[in-house]
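Listed below, chain by chain, are the residues.
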Amino acid sequence: MNQKEIGFSMEEFQARIAKVKASMAEQGLAMLLVNTPENVFCLTGHKSPGYYMYMCLVVPMEGEMTLVLRRGEVGNAMVYSWLSGDGLVAYDDTDDPLQKTVDVILKKGLKGGKVGVEFTSWFLTTKNFLSLQAKLTGAQVVDSSGTVEAARMIKSAREIEYIEACCRIADAALAKGMEKVRPGNKEKEVAAAFFSEMCLQGSEYYGTEPYVASGPRAGAMHSSWGERVIRNGETVLLELAATVNRYNGALMRTVCLGKPSPVMAEWSKVCIERAGLYENYRKRTGYSLGIAFAPDWGEGHIMSLQKGDQRLLQPGMVFPPALRELG
């Protein structure tokens, strides 16, 4: 029998499910289909790098949830999720996973009504959506994107503990990487120090790889390491996030080798927009942090700190603020 390794109490999972079902009731949904791996993790604890294969959590308004997933992933679900028995339905690689999903839905008693689907999920392809819609005869398929995400916005004390653990790991890894930021070293040496220290300190597989960008690329977003040799007088942008139980904590720093230029020294003292530098940084100031699988380490699609957003910040929300200078 598999030994369970679940990161939260059943009470916490039930509280999340209750929030989702309350939203389902407001939307008039009979069923909610969840394809986004972060949302599946949020409600069940299931995690695996194999989320690139079709996976769907069927959440009925009444009754228990069922996770439809590839047979090879059942072992992970038995370890990391609280689901078991009829809560896990496997498909073989030669099966039609959409038909398996519809079979589960019909078994739960759907005879019509609204079925919510995550239209914005990166992991529900157009082909699979159209197949699912065609098979759900008699039901009204509606967009319920954001239903689970709304329950993820405010973190519990346990979730914040995971994020804080990530930040401690990221801080230690950043320090190791900065030791390698020396004239004559290559960017890849800095990246290697990041990877090594994060793994040794307890990070899982990451949501996104670290960024190491030197010299002319130091102001470029999402530009990462290569064979380039770091030179004296240059700046080096460093950004990384560690991962613990799929929660993430990110850090970004700029290292200047030698005396900073007058412009750099001035920009480091000012808030960009108030100093008239908004055109140099037309980007959000921060984004929500929490659960993430690749290709992202953040929850910016849930909430970002950006111009014009009128939503109120609340206790339990987690954001890393970002200031960047572009030459």
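The structure contained in this document is the topic of the report that follows. (Residues numbered from 1 in each chain as written. Predicted model: local features only at pLDDT ≥ 70, side-chain atom pairs only at ≥ 80, totals over all residues. Heavy atoms only, no water.)

So, the overall build of the protein
Phase 1: Along the backbone of the protein there are nine helices and 11 strands.
Phase 2: Over its C-alpha atoms, taken along the principal directions, the protein stretches across nearly 70 × 45 × 35 Å.
Phase 3: Relative to its 327 residues, the protein shows a buried fraction of 49%.
Phase 4: For the protein, the share of sequence-separated contacts (at least 6 apart) that also reach a separation of at least 24 residues comes to 67%. (Helix = DSSP H or I, 4+ residues; strand = E, 2+ residues; numbered from the N terminus. Buried < 20%, exposed > 50% of the residue type's maximum accessible area, 1.4 Å probe, protein only. Contact = heavy atoms within 4.5 Å.)

Re the nonpolar core
Phase 1: Ranked by internal contacts, the top residues of the largest apolar core, which has 60 residues, are Leu43, Leu57 and Leu238.
Phase 2: For this core, the element with the most residues is helix 7 (residues 157–179), which contributes eight residues.
Phase 3: When residues no more than four places from it in sequence are discounted, the contact partners of Leu238 are Leu174, Met178, Val181, Val190, Phe194, Tyr211, Val212, Leu251, Met252, Arg253 and Val255.
Phase 4: Core analysis: the second largest hydrophobic core is formed by 20 residues, Met31, Leu33, Cys56 and Phe129 among them. (Core = buried A, V, L, I, M, F, W, Y, C linked by side-chain atoms within 4.5 Å.)

A short note on the packing of aromatic side chains
Phase 1: Scanning all chains against the criterion turns up 12 aromatic pairs.
Phase 2: Centroid distance Phe119 to Phe129: 5.2 Å. Interplanar angle 70°. Geometry classified as edge-to-face. Residue Phe119 is found in the loop between strand 5 (113–117) and helix 5 (126–135), and its partner Phe129 is found in helix 5; the two are separated by 10 residues along the sequence.
Phase 3: Phe119 gets classed as partly exposed once you look at its relative accessible area, which sits at 41%.
Phase 4: The class for Phe129 is buried, based on a relative accessible area of 17%.
Phase 5: Residues Tyr162 and Tyr247 carry aromatic rings whose centres are separated by 5.7 Å and whose planes lie at 10° to one another, so their mutual orientation is stacked. One end of the pair, Tyr162, is in helix 7; the other, Tyr247, is in strand 9 (residues 247–256), with 85 residues separating them in the sequence.
Phase 6: Linked through ring pairs, Phe8, Phe13, Phe41, Tyr162 and Tyr247 together constitute an aromatic cluster.
Phase 7: Geometry around Phe8 places Arg16 over its ring, the cationic atom sitting 4.2 Å from the centre.
Phase 8: Over the ring of Phe293 we find Arg246, and its NZ or CZ is 4.7 Å from the ring centre. (Phe/Tyr/Trp six-rings, centres within 6.5 Å; stacked < 30°, edge-to-face > 60°. Lys NZ or Arg CZ within 6 Å of the ring centre and 35° of its normal.)

Some points on the pattern of salt bridges
Phase 1: Scanning the entire structure with this criterion turns up 14 salt bridges.
Phase 2: Asp96 is the partner of Lys135 in a salt bridge, and the nearest nitrogen-oxygen pair spans 3.2 Å. In this pair, Lys135 is assigned in helix 5 and Asp96 in the loop between strand 4 (88–91) and helix 4 (97–107), connecting sequence segments 39 residues apart.
Phase 3: Note on Lys135: relative accessible area 26%, which makes it partly exposed.
Phase 4: Notably, a salt bridge pairs Glu299 with Lys155, separated by 2.7 Å at the nearest N-O pair. With Glu299 in the loop between strand 10 (286–287) and strand 11 (304–305) and Lys155 in the loop between helix 6 (147–152) and helix 7, this pair connects stretches of sequence that are 144 residues apart. For the residue pair Glu299 and Lys155, the accessibility class agrees, reading buried in each case.
Phase 5: Where salt bridges share partners, they join Glu12, Arg16 and Glu159 into one cluster. (Salt bridge = Lys/Arg side-chain N within 4 Å of Asp/Glu carboxyl O.)

Considering the sheet that holds strand 5
Phase 1: Spatial ordering of the open sheet is given by 4-3-2-1-5-6, a layout of six strands whose pairing is mixed. Bordering the open sheet on either side are strand 4 and strand 6 (139–143), each of which pairs with just one other strand. For this sheet the average axis-to-axis angle between neighbouring strands, irrespective of direction, equals 20°.
Phase 2: One ladder, built from four bridges, connects strand 1 (residues 29–34) with strand 5; its direction is parallel. (Pairing = 2+ DSSP bridges. Axes fitted to C-alpha atoms, helices over the stretch in contact; angles between N-to-C directions.)

Let's talk about the packing of helix 7 against helix 8 (residues 187–201)
Phase 1: Where helix 7 contacts helix 8, the axes come no closer than 8 Å and their chain directions differ by 145°. In the packing of helix 7 onto helix 8, the handedness of the crossing is right-handed. When helix 7 is examined against helix 8, the residues Ile169, Ala172, Ala173, Leu174, Lys176 and Gly177 are found in contact with a partner set consisting of Val190, Ala193, Phe194, Glu197, Met198 and Gln201. (Left-handed = near helix turned anticlockwise from the far one by under 90°.)

Comments concerning helix 2 (residues 37–44)
Phase 1: Summarising burial for helix 2: eight of the eight residues are buried, a large majority.
Phase 2: Considered for burial, the residues of helix 2 that qualify are Pro37, Glu38, Asn39, Val40, Phe41, Cys42, Leu43 and Thr44.

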